[in-house]
Amino acid sequence: MGERLLEAAFVWNWNSLVGSVQGALRALGAEHDAAWVSGTLGEAFRAPAASLLEAEVAFARKGYQPRSLDGVAASLEALGLHVRVEDRDPAERGRPRFLGRRIRRRINDGCPVIAYGAGVADFALIVGYEDRKKRYRVSGPLTEQVGEWLPYDRLPSAGERRLLVLLPERAPPDREAAVRLARGLARTAESIPVLERWRGLLESDAPIDAQGHAYWAAVVTAARNEAARFWRAAGLDGVADASQRTALALSRFTTLFPYPAGGGIDAAGVREVGAAALGAAIAAERDALATLAAERPG
């Protein structure tokens, strides 16, 4: 029987993956700011999943947005984290036999573990364990609401949610790779069709969940602010300028729909102004992508 508790913690961010990676990097002495992490991971360029906009009540599902993370290992490597990725569907494979042992071994080495689906809906850090009480200590965006302790047997089993665990160790960061990856991720994010669909929702009388809508407005606005800062740090000032215009238009959008109250989502006049602000953001996003295709670091 043993225990180990690390001095590591989630770094608050609207994006739970970014905050978890920042916490892991900080614990390993390889810290980057949120914008560099967000851009390298591609989180700075994302928009809500189309399924959120197509639901019976748009944006009704709150929390983190599951999607493919096939390229996450390469992005983390560029940031200075070499990871072993355990990406499993417990409904098909059952509980991984040796995963708990691997998690505890990595914590014993002083490395917090990044997990999605470990008893909560968001990414979080596993920062310790107690064998005697058979539980992990977790630090994440929902820790205050759900508590910091997760029983060993709450890792997903058959019939439950996806389980993704990233087992990190420190590696040399690669700035050039980070910029190269970010360029590719920005081009393939396909944010504009989603933002156009979002604007169309506001121009209709379709039902929209006020709080969920405001949450995603805040998430995307924060992401584009991080995108502008990333491109500036990468020496792509033209892309940064366009991304900053996107963020400015979105900041006006979030003023109309503040989180968590949500604003007047059911008022036709408010929706009309919101759609116009989103239209300005889409135009700036197009400029950013066009500039990205032509600009090279200065």
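Residues numbered from 1 in each chain as written. Predicted model: local features only at pLDDT ≥ 70, side-chain atom pairs only at ≥ 80, totals over all residues. Heavy atoms only, no water.

Trainee: Just checking my understanding: could you explain the packing of helix α1 (residues 16-27) against helix α2 (residues 34-41) for this structure?
Mentor: Two quantities define a packed helix pair, namely the angle between the axes and the distance from one axis to the other. Put simply, α1 and α2 touch, their axes get as near as 10 Å, and they point 120° apart. The way α1 lies across α2 gives a crossing that is right-handed. Here α1 contributes L17, V18, V21, Q22 and L25 to the contact with α2, which in turn contributes A34, V37, S38 and L41. The residue makeup of the contact of α1 with α2, split by class, is 7 nonpolar, 2 polar and no charged. (Axes fitted to C-alpha atoms, helices over the stretch in contact; angles between N-to-C directions. Helix = DSSP H or I, 4+ residues; strand = E, 2+ residues; numbered from the N terminus. Left-handed = near helix turned anticlockwise from the far one by under 90°. Contact = heavy atoms within 4.5 Å. Nonpolar A, V, L, I, M, F, W, Y, C, P; charged D, E, K, R; others polar.)

Trainee: Got a minute to help me understand the packing of aromatic side chains in this structure?
Mentor: Between two aromatic rings, the relevant description is the distance of the centres plus the angle of the planes. As enumerated under the stated definition, the model contains 13 aromatic pairs in all. When the centroid spacing of 5.1 Å and the interplanar angle of 80° are considered together, the rings of F230 and W231 count as edge-to-face. Both residues of the pair, F230 and W231, count as buried. Of the aromatic side chains, those joined through ring pairs into one cluster are W12, W14, Y215, W216 and Y259. For the cation-ring pair, R104 lies above Y152, with the distance from its terminal atom to the ring centre recorded as 4.7 Å. The ring of W149 carries R135 above its face, with NZ or CZ at 3.8 Å from the centroid. (Phe/Tyr/Trp six-rings, centres within 6.5 Å; stacked < 30°, edge-to-face > 60°. Buried < 20%, exposed > 50% of the residue type's maximum accessible area, 1.4 Å probe, protein only. Lys NZ or Arg CZ within 6 Å of the ring centre and 35° of its normal.)

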